[in-house]
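Inside the fold
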Amino acid sequence: MARMFPKKLRPETKSNAERRLYRAFRRDLPDDFYVFHSVRWLIRDPRSGAKDGEADFVVAHPELGILVLEVKGGTIRYDGETDRWYSNDIPIKNPVNQAVESKYSLLEKLKDLPEWQNRWLTLGHAVAFPDVSVKRNLLPDLPAVLVLDAPALADLEGWVRQALDYWHANDQKVGGVGKHGMEVLQELLCPTRTLRPPLRFVLEQEEEEIQNLTEEQIVLLDALRGQRRALIVGCAGSGKTTLALEQARRLDSQGFQVLLTCFNRPLADHLRRADLPGTVYVQNFHRLVSALVDEAGLRGELDERSCGLDEDTFYVEVFPEFLSKAAEVLGPRYDALIVDEGQDFYEEWFLALAMLLHDPDNGIVYIFKDDNQNLFRPRFGLPWDLHPFFLTRNCRNTRHIHRAVLRFYRADYEPQAIGPDGIPPEVYFYRDEDQFNEHIRRLLHRFLVEERLGNDSLVLLSPRRRGWLNTGKQYGNFVLTERWPPAGSEVFWTTVQSFKGLESPVVILAGLEEEVYPDLTTVTYVGMSRARNRLVVLAVDSLPDDVKAALQG
């Protein structure tokens, strides 16, 4: 059975002769023949512009060549005096001229293809009159051997071979197209095309839906309007940062002096770039303490106290102590304290921050946290008895990403995903640095070149700073940077720890290995949940089977 293109006869085919021939070709020719029915193409002529090309049938064989066939049904008559052709006494176009024009038009189209240059080819034309019998040559340019008539249908393969043999060179040189030529011909005449919307347009649509859903979470603040202090707990993507920003705006609009703080410096930079009133003070905890210590004139005393201390003791105990001292010197400054990513804070830090409030005991305090993102392992505790309010809906990540993240989520309740479906995360494993680098190079090319995604919509995250990713490393035309926003050919990369609390439309989490700080489950949860729309994970092939199964879903 021949390979037919299309596989099924088009319903709109009106010609009974073409319908009969289609079925005969499919039934009687072996599978090394390709038969293309009712194909069209365009060729570009520099002088006359674009010209149409078409053929009723193109029959191809890898060893014999290509035959272009023009089909006419019914009773066929040619009037030599008027040089007119008729089918059932109805005037028709000259079938020989049509076949010849189609042949040379197809040849010209093939020559335009880089894959076809300098290829010797047997390319002939013929006509099909399947309703009549032809016993002799019809015209000087139409010998009987080039006419597929009714009797020839009894041995269709024999007729095709005989017609192509007619076009072979006198030295019997056969110009078959070969296996690759058949693939090229199929790609030209009957290609398969999938037209997907550019990724950036898909992301825009998903982003709009996510933004609308996130804004719905803000109704929680309406319910907490009379609550001066609250602990708001939610999974990654539940809108905690959005709520923290909105609460800062609301309190500021009511005349309160607001301090918005967090642990991570990059998150503080992000909060500062948000649409906040200039009167809301935003700073990460350590820079806040450092600035107040300097303002209070306590830098020398702090430096002296820090001598010989380990880093944990300095930051956990001494830093909040000097924040309290600075508050005593400078006096209270704020009416409201809002802490984002509060799981990163120690109880001592909260006590020291409360010293900055005009009313440390009854001032407004809102703390947002997710225990699953406890990367820095503080002894989380609160000096106040705050009633927790739970955010149980993930409105930031697509549902596919949410389901993947949940496999690394540890809590007594399972949050619900309400965002767009998106597509499943991609997971690739590598055995060595060469495979790792090739994955990165290929992914960056796909997203930034093929998908034409802006480089400000993609981040590379690593579980550790000392690894195969480093600033200045080149992947094809792109170079890694830790500067935000990245320039034209730059790609932003950072650690999972530094990017905690932030998000990106596309995240490539690269370098998952068993020995990561503080543990693989937490790092994987935090890293994967940074992706809003698309997530790719690169993990070492030696991971335990249960972890690999969880990554792959």
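Now for a quick tour of the structure. (Residues numbered from 1 in each chain as written. Predicted model: local features only at pLDDT ≥ 70, side-chain atom pairs only at ≥ 80, totals over all residues. Heavy atoms only, no water.)

Some details on the overall build of the protein chain
A count of helices and strands for the protein chain gives 17 helices and 24 strands. By the compact-globule yardstick of 24 Å for 553 residues, the protein chain is too spread out, its C-alpha radius of gyration being 37 Å. By its C-alpha atoms, the protein chain is 115 × 50 × 45 Å across when sized along the principal axes. Per-residue burial for the protein chain yields a buried fraction of 52% across its 553 residues. Sequence-distant contacts, at least 24 apart, represent 70% of the contacts inside the protein chain between residues at least 6 apart. Carbon together with sulfur atoms contributes 46% to the accessible area of the protein chain, which is approximately 26,700 Å² in total. Charged side chains in the protein chain number 68 positive and 83 negative. The centres of these two groups are separated by 6 Å. (Helix = DSSP H or I, 4+ residues; strand = E, 2+ residues; numbered from the N terminus. Rg over C-alpha atoms; globule rule 2.2 N^0.38 Å. Buried < 20%, exposed > 50% of the residue type's maximum accessible area, 1.4 Å probe, protein only. Contact = heavy atoms within 4.5 Å. Areas by Shrake-Rupley, 256 points an atom, 1.4 Å probe, with all protein chains shown as cover. Lys, Arg positive; Asp, Glu negative; His and termini not counted. Charge placed at Lys NZ, Arg CZ, Asp CG, Glu CD.)

Describing unusual backbone geometry
With an omega of 0 degrees, the peptide bond between phenylalanine 5 and proline 6 qualifies as cis. Among the secondary structure elements, proline 6 is positioned in the loop between strand E1 (3-5) and helix H1 (16-28). Looking along the chain, the bond that leaves tryptophan 484 and enters proline 485 is cis, with omega of 0 degrees. Assignment of secondary structure puts proline 485 in the loop between strand E21 (478-481) and strand E22 (490-495). The backbone of glutamate 341 shows a phi angle near 55 degrees, a positive value even though the residue is not glycine. For glutamate 341, a relative accessible area of 3% puts it in the buried group. Of note, arginine 452 is a non-glycine position whose phi angle comes to about 55 degrees, a positive value. Topologically, arginine 452 is positioned in the loop between helix H14 (433-450) and strand E19 (458-462).

Quick word on the nonpolar core
Among the nonpolar cores identified, the biggest contains 84 residues, and Ile508 and Leu551 are the most heavily contacted of them. At 7 residues, the largest contribution of residues to this core is made by strand E24 (residues 531-540). Here this core gathers at least three residues from each of two domains, domain 2 (227-391) and domain 3 (426-552). Other than its neighbours up to four places away in sequence, isoleucine 508 contacts Ile440, Leu443, Leu444, Phe447, Leu458, Val459, Leu460, Leu461, Val536 and Leu538. (Core = buried A, V, L, I, M, F, W, Y, C linked by side-chain atoms within 4.5 Å. Domains from an automatic or database assignment.)

With respect to helix H9 (residues 285-295)
Taken together, the buried positions of H9 are Phe285, His286, Leu288, Val289, Leu292 and Val293. Seen end-on, H9 carries its buried residues on one side only, within an arc spanning 160 degrees. Where H9 is buried, its residues contact strand E11 (258-262), strand E12 (281-284), helix H10 (299-306), helix H11 (311-330) and helix H12 (347-354). (Arc of directions from axis to C-beta.)

With respect to the pattern of salt bridges
A full pass over the atoms with the stated rule returns 28 salt bridges. Across the salt bridge formed by lysine 500 and glutamate 341, the nearest N and O atoms sit 3.1 Å from each other. Of this pair, lysine 500 sits in the loop between helix H15 (496-499) and strand E23 (504-512) while glutamate 341 sits in the loop between strand E13 (336-339) and H12, and the two are 159 residues apart along the sequence. Accessibility classification places lysine 500 together with glutamate 341 in one group, the buried group. (Salt bridge = Lys/Arg side-chain N within 4 Å of Asp/Glu carboxyl O.)

As for the environment of alanine 531
For alanine 531, the location among the structural elements is in strand E24. The exposure class of alanine 531 is buried, given its relative accessible area of 0%. Each C-alpha atom, one on alanine 531 and one on glutamate 304, is 43 Å from the other, the two residues being 227 residues apart in sequence. Contacts of alanine 531, omitting those with residues within four sequence positions, involve Asn397, Ile401, Ser504 and Val507.

A look at the packing of aromatic side chains
Counted by the stated rule, this structure contains 24 aromatic pairs. Through a chain of ring-to-ring contacts, three or more aromatic side chains come together here, namely Phe263, Phe285, Phe345, Tyr346, Trp349, Phe350 and Trp384. One residue, lysine 103, lies across the ring of tryptophan 167, its end atom 4.3 Å from the ring centre. Across the ring face of phenylalanine 322, the terminal group of lysine 325 is positioned such that the distance to the ring centre comes to 4.7 Å. (Phe/Tyr/Trp six-rings, centres within 6.5 Å; stacked < 30°, edge-to-face > 60°. Lys NZ or Arg CZ within 6 Å of the ring centre and 35° of its normal.)

Describing the sheet that holds E19
On the basis of which strands lie adjacent, the open sheet formed by 7 strands has the order E18-E24-E23-E19-E22-E21-E20 and mixed pairing. The open sheet terminates on both sides in strands that have one partner only, identified here as strand E18 (426-430) and strand E20 (474-475). Alignment of E21 against E22, held across 3 bridges, turns out to be parallel. Counted as the bridge partner of valine 479 is glutamate 490 from E22. (Pairing = 2+ DSSP bridges.)

A short note on helix H16 (residues 520-528)
Within H16, 8 of the 9 residues are buried, which leaves the element mostly enclosed by the surrounding structure. Where H16 begins, one side-chain oxygen reaches toward the backbone nitrogen of threonine 521, 3.1 Å away; that side chain belongs to aspartate 519. (Polar contact = N/O pair within 3.5 Å; in protein donor to acceptor, adjacent residues only side chain to side chain.)

Regarding the side chain of lysine 548
Looking at the element boundaries, lysine 548 is found in helix H17 (residues 545-552). The class of lysine 548 is buried, set by a relative accessible area of 15%. From its side chain, lysine 548 meets the backbone oxygen of aspartate 541 in a polar contact 3.0 Å long. Lysine 548 has contacts with Phe429, Asp541 and Leu543, leaving out every residue within four places of it along the chain.

Quick notes on the environment of glycine 419
Mapped onto the elements of the fold, glycine 419 is located in the loop between strand E17 (416-417) and E18. Accessibility expressed as a relative area gives 2% for glycine 419, which makes it buried.

Looking at the state of the cysteines
Overall, the coordinates contain 0 disulfides when judged by the stated rule. Cysteine 395 supplies the cysteine sulfur nearest to cysteine 235, a cysteine that is in no disulfide, at a spacing of 8.5 Å. (Disulfide = S-S within 2.5 Å.)

Here we look at the packing of H11 against H12
Axis separation between H11 and H12 bottoms out at 8 Å; the angle between their running directions is 10 degrees. With respect to H12, the axis of H11 lies roughly parallel. For the pair formed by H11 and H12, the contact residues are Tyr315, Val316, Pro320, Leu323 and Ser324 on the first element and Glu348, Trp349, Ala352 and Leu353 on the second. (Axes fitted to C-alpha atoms, helices over the stretch in contact; angles between N-to-C directions. Parallel < 35°, antiparallel > 145°, perpendicular 65-115°, else oblique.)

With respect to a negative patch on the surface
Taken together, the side chains of Asp310, Glu311, Asp312 and Glu317 define an acidic patch exposed on the protein surface. Topologically, glutamate 317 is positioned in helix H11. The partly exposed category is assigned to glutamate 317, whose relative accessible area is 48%. (Patch = residues over 30% accessible without salt bridge, like charges linked within 9 Å, V, L, I, M, F, W, Y side chains within 5 Å.)

That's the geometry; what it means functionally is another story.
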